[in-house]
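Okay, here's what each chain looks like letter by letter:
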Amino acid sequence: MNSFETEKLHPIHLIFLTYMLQSSVLLFSLPRQVAEVFGTNGWVMLLLFSGLVMVNIYLFQLVYEKGNEKPIFDLLNDALPGWLRYPLYLVIACVWAFVAIVIAKQYVFIIQIISFPTTPHYYLLMMFLSMPVFLLMYPVYKIVRVSSVFFMLAAITIMLTAFVWHEFSFDRLTMFLFKEAEKPFDIGGMFDIYSSFLGYEACLLLIPYITKHSRLFRSFYIGNGFTTLIFVYTTVLCMGFYSFEQLKHVIYPTLHFFSYIEFPFLIRVENLVYSLFLVKALVTVTFFYWMSSEVIQHMFRVSNVFYIHMGIILLSVISMSPFSTRQEMEQAISWAGRAEMAVAFLLPLFILFLLGRKKVKT
């Protein structure tokens, strides 16, 4: 890795990348999920979840420091035999590829409901997936830089929320804490909410592409802090915009309140919003496919990485073919989130265990 490539990962790029990876299509339904699980003023729990994310990122930082700044694959290759290493790699690659296709298909599903109800979903899905295929042709540091440009477009959706402030009322927030939840502190629901924060585990695979000046983990801490701010802001805004009972029954409240905004030159603002949201979904899907491909490349030596990218994408599309309804998609999102959460927490703990055992033996 030459310095020219590593210099491209500037801290500001990594901060923007963290936000783009974390704020995926789950943001559309996050306020409803918070209301269902935690009840009134449930947004407070998002701060706790953000703290858990910080702890998880710190585990990644410990792997980096105790592993002498080596890439995680070097650490695993040194500590595990092939018969154990390859199944582990395969499971991780499948989880990340599954996350990618779930996000892609959920975004396409929302587009189909709103604007293209008569268009077969697989047409829209193939059109969407053609963009990650194009981006994956470039080195990862260029993908990170592109995500910074896309962040500027995604920021427009945040600014547009100012036009619904006049409908916001603090009375709707109430003074009560954790009341009227439909599924009070449901474990599965809390897992689904926490999965909205996932995506930060990408920092583990970026270790070979950084320099000291990249400040990888500090950038991810700051990026997660910014994501938390947006999540809390969005949830509070929805809780003060809708009545509480209404919020619990609107499928995508974050998207729906944009339909109340009208400009003389643009009537359906929500169409603009989910079009801009395309760049968030694109970055997340592309990066998870890249992460899955990185794992597969440590299992098989292929001269042309393009074949690995295409193979992963095609297999993931086939694996998602049985999921076609909204209920099935929500179930797939739940499974993907829990599997991703398991990898995010267990992988660094496992590597730290291997490093500790190696230190004891020496």
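Residues numbered from 1 in each chain as written. Predicted model: local features only at pLDDT ≥ 70, side-chain atom pairs only at ≥ 80, totals over all residues. Heavy atoms only, no water.

Draft legend 1. How the structure looks around the overall build of the protein. Assigned secondary structure in the protein consists of 17 helices and zero strands. Computed over its C-alpha atoms, the radius of gyration of the protein comes to 21 Å, within 12% of the 21 Å expected for a compact globule of 362 residues. In terms of its C-alpha atoms, the protein occupies a principal-axis envelope of roughly 65 × 45 × 40 Å. Taken across its 362 residues, the protein has 56% of its residues classed as buried. In the structure as shown, the protein presents an accessible area of about 16,400 Å², 67% of it carried by carbon and sulfur atoms. For the protein, the distance from the average site of its 24 positive side-chain charges to the average site of its 21 negative ones is 10 Å. (Helix = DSSP H or I, 4+ residues; strand = E, 2+ residues; numbered from the N terminus. Rg over C-alpha atoms; globule rule 2.2 N^0.38 Å. Buried < 20%, exposed > 50% of the residue type's maximum accessible area, 1.4 Å probe, protein only. Areas by Shrake-Rupley, 256 points an atom, 1.4 Å probe, with all protein chains shown as cover. Lys, Arg positive; Asp, Glu negative; His and termini not counted. Charge placed at Lys NZ, Arg CZ, Asp CG, Glu CD.)

Draft legend 2. Just the packing of helix 5 (residues 72-79) against helix 6 (residues 82-114), in detail. Closest axis-to-axis distance for the helix 5/helix 6 pair is 9 Å, and the angle between their directions is 145°. Contacts from Phe73, Leu76 and Asn77 in helix 5 reach Arg85, Leu88 and Tyr89 in helix 6. Class assignment of the residues belonging to the contact of helix 5 with helix 6 gives a composition of four nonpolar, one polar and one charged. (Axes fitted to C-alpha atoms, helices over the stretch in contact; angles between N-to-C directions. Contact = heavy atoms within 4.5 Å. Nonpolar A, V, L, I, M, F, W, Y, C, P; charged D, E, K, R; others polar.)

Draft legend 3. Main features of the nonpolar core. Residues Leu129, Phe287 and Tyr289 are the most contacted members of the largest nonpolar core, which totals 134 residues. With 18 residues, the top contributor of residues to this core is helix 6. In this structure, Tyr289 is in contact with Ala97, Ala100, Ile101, Leu129, Leu136, Ile312, Ile313 and Ser316, ignoring residues within four places of it in sequence. (Core = buried A, V, L, I, M, F, W, Y, C linked by side-chain atoms within 4.5 Å.)

Draft legend 4. View of a nonpolar patch on the surface. On the surface, Phe134, Met137, Tyr138, Phe300, Val302, Phe306 and Tyr307 cluster together into a nonpolar patch covering about 750 Å² of accessible area. Mapped onto the secondary structure, Met137 falls in the loop between helix 7 (121-135) and helix 8 (140-160). (Patch = residues over 30% accessible without salt bridge, like charges linked within 9 Å, V, L, I, M, F, W, Y side chains within 5 Å. Salt bridge = Lys/Arg side-chain N within 4 Å of Asp/Glu carboxyl O.)

Draft legend 5. Representation of the pattern of salt bridges in the model. Across all of its chains, the model carries five salt bridges by this definition. Residues Arg338 and Asp192 are paired through a salt bridge, measuring 3.8 Å at the closest nitrogen-oxygen approach. Here Arg338, found in helix 17 (residues 326-361), pairs with Asp192, found in helix 10 (residues 187-194); they are 146 residues apart in sequence, far enough to count as distant. Given the relative accessible area of 19%, Asp192 is considered buried. Across the salt bridge formed by Lys248 and Glu245, the nearest N and O atoms sit 3.1 Å from each other. Several salt bridges share partner residues, and in doing so they unite Arg32, Glu36, Lys183 and Glu330 into one network.

Draft legend 6. Inspection of empty space enclosed by the protein at higher detail. Counted by the stated rule, this structure contains four cavities of 30 Å³ or more. The volume enclosed by the largest cavity comes to roughly 150 Å³. Along its surface, the largest cavity is lined by 16 residues, and Ser24, Leu26, Val99, Ile103 and Glu340 are the ones closest to its centre. Taken together, the residues of the lining of the largest cavity break down into 10 nonpolar, five polar and one charged. Lining the second largest cavity we find 15 residues, and of these Leu27, Thr157, Thr234, Thr254 and Phe258 sit closest to its centre. Its residues placed into classes, the lining of the second largest cavity shows 10 nonpolar, four polar and one charged. (1 Å grid on protein atoms, 1.4 Å probe; cavity = no way out; pocket = protein on both sides within 12 Å on 5 of 7 lines; lining within 4 Å. Points joined across faces, edges and corners; volume = space filled by probe spheres on them.)

Draft legend 7. Expanded view of the packing of aromatic side chains. Taken as a whole and assessed by the stated rule, the structure comprises 26 aromatic pairs. Taking 4.4 Å as the distance between ring centres and 40° as the angle between the ring planes, the aromatic pair formed by Phe28 and Phe277 counts as tilted. With Phe28 in the loop between helix 2 (11-22) and helix 3 (30-38) and Phe277 in helix 15 (residues 269-297), this residue pair connects regions lying 249 residues apart in the sequence. Residues Phe28 and Phe277 agree in their burial class; the two are buried. (Phe/Tyr/Trp six-rings, centres within 6.5 Å; stacked < 30°, edge-to-face > 60°.)

Draft legend 8. Representation of the packing of helix 6 against helix 7 within the structure. Where helix 6 meets helix 7, the closest approach of the two axes is 9 Å, and the angle between their N-to-C directions is 125°. One element, helix 6, and the other, helix 7, form an angle in the oblique class. The chirality of how helix 6 crosses helix 7 is right-handed. Note on element contacts: helix 7 touches helix 6 through His121, Leu124, Leu125, Phe128 and Leu129, opposite Ile101, Ala104, Lys105, Tyr107, Val108, Ile111 and Gln112. Considering only residue class, the contact of helix 6 with helix 7 consists of nine nonpolar, two polar and one charged. (Parallel < 35°, antiparallel > 145°, perpendicular 65-115°, else oblique. Left-handed = near helix turned anticlockwise from the far one by under 90°.)

Draft legend 9. Looking closely at the environment of Ala155. Residue placement: Ala155 occurs in helix 8. In this structure Ala155 comes out as buried when scored by relative accessible area, which is 17%. The spatial distance from the C-alpha of Ala155 to the C-alpha of Ala100 is 22 Å, given a sequence separation of 55 residues.

Draft legend 10. Fine view of the confidence of the model for the protein. Taken as a whole, the protein shows an average pLDDT of 87; of its residues, 95% reach a score of 70 or greater. Predicted confidence in the protein is weakest over helix 1 (residues 3-6), with a mean pLDDT of 44, and strongest over helix 4 (residues 44-66), with 95. Every residue in residues 1-7 is under pLDDT 50, and counting partners more than four places away or in other chains gives 11 contacts. (pLDDT = per-residue confidence, 0-100.)

Draft legend 11. Seen up close, the side chain of Gln112. Along the polypeptide, Gln112 turns up in helix 6. The residues contacting Gln112, other than those within four sequence positions of it, are Pro117, Thr119, Pro120, His121 and Leu124.

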